[in-house]
Structures are given as C-alpha cells and as structure tokens.
Amino acid sequence: FAQTYNEIYRPQYHFTPGKNWMNDPNGLVFHNGVYHLYYQYNPDGNTWGNISWGHATSTNLTHWTEHPVALLARGYPGELTEAFFTGTVVADPQNTSGFGTNGTVPLVAMYTSYYPTSQTLPSGKSVTGGQQAQSIAYSLDDGYTWTTYDAANPVIPTPPAPYEDQWRDFRDPFIFWHDATKKWISVISVSQLHKLLIYTSSNLKQWTLASEFGPLNAVGGVWECPSIVPLPLDGDETNIKWVAQIGLNPGGPPGVTGSGTQYIVGTFDGTRFVADPDPLSPAPTSTEPHGPNWMDYGPDFYAAATFNGLPYLSHLNIAWVNNWQYAGVIPTAPWRSMMSIARRISLKTIGGRAVLIQQPMADVASLQTKTYSSSFATVAEGNQLIPLSEKTLDVTVSFSDRAAVSSSSQFGIILRATSDLAQQTRIGYDFSTKRLFVDRSKSGNISFDGTFASTYYAPLEPASDGKVTMRILLDWSSVEVFGGQGEVAISAQIFPEDNGIDAQLFSSGGSTGDVTIDAKILGSAWGA
Ligand code: FRU
C-alpha cells in the first residue's frame with residue numbers, strides 16, 4: 001500500500017483504502033484490543049465491481065492500517081462466481097459454531113453471497129444467476145485470514161415464504177449475540193419490500209426465522225444494511241430501548257437525492273422488534289407511519305454499521321461517506337470513497353421523544369498540531385475573516401439564538417474559501433426556520449453530478465440556555481457537522497481547490513451574540 005496519502009482530496013484522518021473503490025463498512029468488530037474494519041472493495045479498480053472484503057485495523061479509531069483483502073471475490077481475476085456483499089463479524093468465544101480448534105476463539109462472518117451465474121456449489125446447493133443468499137466464513141487468526149464454510153454455504157439460500165420471489169434482493173445480514181435468550185440473531189433485509197427478517201441460531205450455522213418487521217416510516221427506494229442495537233434511554237439501564245438503523249436508497253432525507261439512513265426506536269425480546277409509538281403523533285401503522293428519524297441529514301452518510309465486541313450497551317457506528325447518486329464519479333483517485341469518523345451513539349429524551357445522539361470519536365488529541373480559541377460578545381452583520389486557514393479542523397462554534405428579522409437571518413462559518421468567495425463551504429444556522437445547514441453549492445468541484453451543488457438542512461432547537469452549538473469536523477474532502485448535543489448531524493463531501501483555505505464568520509439579517517470558537521487544527525493520521 002505504497003501511497004503517499006497527500007493527493008488532492010485525500011482524507012487525512014478518515015479511513016480510505018490506499019487505492020481502489022470502497023463502499024459499505026462491513027464486519028465491524030472490536031476483538032483483542034483491535035478495531036477491525038472490513039469494507040466492500042474492488043481489488044482491481046476505482047469503480048464498483050469484483051466485490052470483496054477489504055480490511056483495515058486500528059487501536060484508536062483514527063490511525064488505520066490496511067491489510068490484504070480478507071475475502072476475495074471468487075473467480076477473481078477473471079469471471080466471478082461469487083461476490084462478497086455486506087455482512088457482519090462476531091467473535092464466538094464459546095465456540096458455538098465449532099469452528100474453533102485447540103481453544104482458538106473463532107471470528108465468524110455472515111455476509112451476502114452474490115452469485116452472478118447459475119451454478120451448483122461445493123455444498124451441493126444450486127443457485128441461480130443474480131441470487132443473493134447468506135453465507136458464513138470463519139477466521140482462526142483474529143480476523144486476518146478467512147475460510148468460507150463451503151460444506152454448507154449458503155446457510156440461508158432464499159427468503160422464506162411468502163417472499164420466495166425476492167431472491168434477488170435479500171441481503172446484508174447483521175448478526176449479534178443476544179445474551180438474554182442465549183441466541184445469535186441475524187437481521188436481514190428483503191430490500192424491495194422494506195422488510196427486515198429476524199432469524200435466530202444457536203450455532204451460527206442453522207438459522208430459524210423468528211419474525212419480520214416493516215415497512216415503517218421512510219420507505220423510499222430499497223432497504224439495505226439493517227442493524228438493531230440496545231441503548232439505555234437517558235442512561236437508565238433499567239430502560240433499555242432497541243434502535244433499528246436502516247439504509248434507504250434512493251430515499252434519503254428531504255432535500256437529499258439518493259441514499260440516506262433512518263433509525264426507529266423500539267423494543268426487542270430476542271425474537272421480535274416492535275417500534276415504539278411516537279409520543280408526539282399517533283401510534284405508527286404501515287399506512288400512517290410517524291415521521292422518520294434521520295441519522296444524518298446530509299447526502300453522504302450511508303450503510304451505517306455498528307461494532308460488535310464492545311460492552312453490551314456501548315455502540316460505535318461507522319458509515320460510508322458517499323451516496324449512490326454519484327459515488328462512481330466523485331473526482332478522487334486512485335481511491336474512491338471514505339469512511340465516517342466513528343460515532344458513539346446514545347439515546348436521550350429531547351423535546352418529548354427518544355432521540356439518537358451521535359458523538360464523533362476521532363482521537364483528535366493525537367493529531368492536534370495547534371489550537372485557536374476566540375470569543376466575541378457580538379459579531380456584526382457581514383463577514384469577518386478568522387485565522388482558521390486550514391484543511392483539517394475539529395471546530396466547535398456556539399452562539400445565541402436570536403429573533404429572525406428576515407428569512408435570511410443566519411450565522412455561521414465559511415470554510416475552504418477563496419479570498420473572493422467564489423469557492424466556499426458554508427456551515428451555519430438559520431434563525432427563522434431553526435435549522436442547521438451545510439451549503440456546498442460553491443464548494444469546489446461540483447460539476448460531476450447535477451444534484452451535488454446543494455444545501456442540506458437539519459431541524460435543531462437551541463439548547464435550554466438559548467445557545468446553538470455546532471461541531472464541525474473538516475477533512476480534505478468532507479465536513480461532518482454535529483448540532484446541539486449531537487441530536488442531528490449533516491455529513492457532506494466537498495472537493496475544494498487547494499487555493500481556497502480562508503475561513504470567515506458570517507452573520508446575516510443582524511448581528512449575532514455570545515459567539516465562541518474552539519478549534520483544534522489537526523495533522524495527518526497517515527504515516528508514523
Ligand atoms: C449498500 C449495498 C448493499 C450491498 C452492497 C454491495 O450500499 O447495496 O445492500 O450488500 O452495497 O456492494
């Protein structure tokens with residue numbers, strides 16, 4: 001992986017493979033002190049194809065080391081007979097699978113086998129060209145090399161009745177250990193029907209259908225990459241909720257063309273996931289869903305996945321910072337796509353509802369090169385330069401809410417700007433509509449897709465002290481913005497030219513009070 005990692009647009013503290021195409025994070029697992037990140041990967045080029053599982057590891061979620069491909073598409077190089085689509089990894093310390101030998105703890109992966117051609121497999125099972133089925137593989141060296149379970153794969157060959165006709169769109173198993181019932185659980189999407197199927201198993205090999213869930217709330221496009229995780233509400237471990245995370249493509253948040261991710265808060269008893277009624281609207285039904293909750297209101301946060309192997313109620317997500325709308329044509333080379341910063345998720349009651357909180361877990365202390373802090377009793381109407389002429393930042397800006405005098409009452413920060421503002425990325429708050437926004441319409445190279453040059457909005461109420469807070473992670477080709485306590489996020493790719501590094505504050509429709517800026521200027525996570 002002899003890359004220099006300093007090409008224009010190369011993320012400096014977000015994971016990218018040295019070269020080639022990447023999509024969904026897969027098999028996130030924390031095992032023996034190491035975070036493993038597998039991912040949908042083309043070993044042979046910068047567009048989707050030859051889908052294999054790439055592999056990287058980290059001990060701090062910020063510095064990543066890339067390893068050889070973990071599951072190489074079968075038939076590659078040449079005519080493929082099996083591609084390895086999205087899935088999950090668990091450690092099996094009790095060796096329920098029997099894959100462990102001599103006391104070794106096996107890691108077991110469950111993934112979607114995609115068979116391009118009709119064939120009879122080593123297991124004797126026949127599959128049809130275009131079929132998606134669930135298979136397993138195991139590793140006896142802590143995740144570095146893998147053996148597919150050819151004796152019986154695919155272990156779930158087709159969707160059950162009455163969904164047999166969905167064999168082309170049956171994918172993305174999310175597996176985890178459910179301690180209360182002492183069972184493995186697998187959540188699998190019947191994508192076109194907006195359904196999740198829940199299976200249980202005692203050995204990761206034989207699976208029994210337990211229940212189904214959906215459609216509910218956002219049902220655009222297909223449902224993909226589901227997961228369900230337990231989280232205490234407001235930190236109360238006697239009040240555990242389960243949160244389903246579901247990718248939709250296309251069918252993202254309002255204003256986003258293409259992919260997006262929703263979450264649904266509910267309960268899970270080991271067999272059935274049931275959505276909670278929304279306290280602010282009537283109980284959801286499939287015809288009258290309550291409003292969708294978006295994990296991220298930006299265009300570039302998809303296929304969110306969560307780590308196995310952390311303490312029971314502790315969850316970290318990583319998502320693909322891209323969008324199927326334009327993923328294949330973003331102007332990066334020799335790699336395409338980055339992962340999000342790992343985000344710790346929790347559940348908090350805000351405005352009478354259980355809301356998912358996301359907090360970025362970048363180990364920025366280890367990357368910090370300089371800091372900049374400043375406060376202003378008032379920032380006058382207009383623009384004002386600030387000394388943050390940088391390409392990698394972790395900056396928190398807070399300010400007082402104010403009455404909106406017009407529809408253009410806004411405050412925020414402009415990053416990656418040229419001095420004439422012909423190029424700029426605007427991150428701010430609109431006081432009249434109480435929305436956080438990211439405007440990338442002039443963010444640099446925007447021409448490769450007609451929908452790219454847009455502004456994205458997330459609803460955000462000021463905190464009880466009347467303050468609005470936004471934390472912005474800027475990297476060479478992305479911004480991830482967290483509003484308030486992390487109750488909303490907006491993630492967006494940007495492709496600015498290198499000559500634009502100015503930063504400015506802007507206040508429109510009046511002055512803005514109690515402004516504080518706390519910035520860490522970050523170095524690169526690549527190299528030593
Ligand atoms: C989501 C997805 C998954 C599938 C994978 C294929 O981005 O479409 O549903 O498993 O990508 O690469």
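These figures come from a predicted structure and were not determined experimentally.

## Topic: the pattern of salt bridges
Taken as a whole, this structure holds 17 salt bridges when the rule is applied. Taking the shortest distance from any N to any O, the salt bridge between R74 and E82 comes out at 2.9 Å. Given a relative accessible area of 28%, R74 falls into the partly exposed group. A relative accessible area of 5% places E82 in the buried class. A salt bridge links D498 to K391, with the nearest nitrogen and oxygen atoms 2.8 Å apart. Taken together, the residues span a long stretch of sequence, with D498 in the loop between β35 (488-493) and β36 (502-508) and K391 in the loop between β27 (382-386) and β28 (393-400) at a distance of 107 residues. Salt bridges sharing partners connect three or more residues here, namely R74, E82 and D150.

## Comments concerning the packing of aromatic side chains
Between two aromatic rings, the relevant description is the distance of the centres plus the angle of the planes. Under the criterion given, the structure shown has 36 aromatic pairs. Taking the centre distance of 5.8 Å and the plane angle of 85° together, the rings of Y38 and W146 count as edge-to-face. Placement of the pair is Y38 in strand β2 (residues 34-41) and W146 in the loop between β9 (131-139) and β10 (147-148), with a sequence separation of 108 residues. Take Y38: its relative accessible area is 0%, and that puts it in the buried class. Aromatic ring contacts, followed pair by pair, group Y9, Y326, F448, F452 and F495 into a single cluster. The cationic tip of R426 hangs over the ring face of F506; the distance from NZ or CZ to the ring centre is 4.4 Å. Lying over the aromatic face of Y457, R435 brings its terminal NZ or CZ to 3.9 Å of the ring centre.

## Focus: the site of the ligand
Residues in contact with the ligand, as listed here, are N23, D24, Q40, W48, F85, T86, R171, D172, E224, C225, Y302 and W324. Taking Q40, its side chain carries an N or O atom lying 2.6 Å from an oxygen atom of the ligand. Contact with the protein chains covers 94% of the free accessible surface of the ligand, which is 320 Å². Of all the secondary structure elements, the ones that give two or more residues to the shell around the ligand are β1 (20-31), β5 (83-91), β11 (170-178) and β15 (222-233). Taken together, the residues of the shell around the ligand break down into five nonpolar, three polar and four charged.

## Digging into the side chain of N42
Checked against the element boundaries, N42 lands in the loop between β2 and β3 (52-58). Polar contacts involving the side chain of N42 include one to the main-chain amide nitrogen of D44, which spans 2.8 Å. Other than its neighbours up to four places away in sequence, N42 contacts N20, W21, T47, W48, G49 and N50.

## Concerning empty space enclosed by the protein
Vacant regions in the atomic arrangement are exposed by a probe of water-molecule size rolled over the atoms. Within the structure shown, the criterion is met by four cavities of 30 Å³ or more. In this structure, the largest cavity occupies an estimated 120 Å³ of space. Lining the largest cavity are 17 residues, with P25, T86, G87, F174 and A305 positioned closest to its centre. Of all elements in the fold, only β1, β5, β11, β15 and β20 (302-306) reach the threshold of two or more residues within the lining of the largest cavity. Its residues assigned to classes, the lining of the largest cavity comprises nine nonpolar, seven polar and one charged. Roughly 50 Å³ of internal volume is contained in the second largest cavity. What lines the second largest cavity is Y13, H14, F15, L37, L61, W64, I318, M339, S340, I341 and A342. Here the lining of the second largest cavity is built from residues that sort into nine nonpolar, two polar and no charged.

## A few points about unusual backbone geometry
Across residues other than glycine, the phi torsion is negative in most instances, and most of the peptide bonds are trans. Cis geometry marks the peptide bond from Y76 to P77, where omega comes out at -5°. On the secondary structure map, P77 appears in the loop between β4 (65-71) and β5. Here the amide bond leading from N249 into P250 is cis, since omega sits at -15°, within 30 degrees of zero. With respect to the element layout, P250 can be found in the loop between β16 (236-249) and β17 (260-268). In this structure, Y5 is a non-glycine residue whose phi angle is positive, near 55°. As for its placement among the helices and strands, Y5 is situated in the segment before β1. A positive phi is found at K182, a non-glycine position, where the angle reads about 55°. Relative to the helices and strands, K182 is located in the loop between β11 and β12 (183-190). Overall, the relative accessible area of 48% leaves K182 in the partly exposed class.

## Quick notes on the domain arrangement of the chain
Domain annotation of the chain identifies domain 1 (24-360) and domain 2 (364-522). Of note, the centres of domain 1 and domain 2, computed from C-alpha atoms alone, are 32 Å apart. If you look at the interface, domain 1 gives 33 residues, while domain 2 gives 28 residues. A buried area of about 2400 Å², summed over both sides, lies between domain 1 and domain 2, and 58% of it is on carbon and sulfur atoms. On the surface where domain 1 and domain 2 come into contact, there are two salt bridges. Taking the shortest distance from any N to any O, the salt bridge between R343 and E480 comes out at 2.8 Å. Between the two partners, domain 1 and domain 2, sit 13 residue pairs in polar contact (both at pLDDT 80 or more). Top element by residues in the side of domain 1 that touches domain 2 is strand β25 (residues 353-360). It accounts for six residues. Among the residues forming the side of domain 1 that touches domain 2, the class breakdown is 17 nonpolar, 12 polar and four charged.

Definitions and limits used
- Residues numbered from 1 in each chain as written.
- Predicted model: local features only at pLDDT ≥ 70, side-chain atom pairs only at ≥ 80, totals over all residues.
- Heavy atoms only, no water.
- Salt bridge = Lys/Arg side-chain N within 4 Å of Asp/Glu carboxyl O.
- Buried < 20%, exposed > 50% of the residue type's maximum accessible area, 1.4 Å probe, protein only.
- Helix = DSSP H or I, 4+ residues; strand = E, 2+ residues; numbered from the N terminus.
- Phe/Tyr/Trp six-rings, centres within 6.5 Å; stacked < 30°, edge-to-face > 60°.
- Lys NZ or Arg CZ within 6 Å of the ring centre and 35° of its normal.
- Near = heavy atom within 4 Å.
- Polar contact = N/O pair within 3.5 Å; in protein donor to acceptor, adjacent residues only side chain to side chain.
- Areas by Shrake-Rupley, 256 points an atom, 1.4 Å probe, with all protein chains shown as cover.
- Nonpolar A, V, L, I, M, F, W, Y, C, P; charged D, E, K, R; others polar.
- Contact = heavy atoms within 4.5 Å.
- 1 Å grid on protein atoms, 1.4 Å probe; cavity = no way out; pocket = protein on both sides within 12 Å on 5 of 7 lines; lining within 4 Å.
- Points joined across faces, edges and corners; volume = space filled by probe spheres on them.
- Domains from an automatic or database assignment.
- Buried area = accessible area lost by both parts, 1.4 Å probe.

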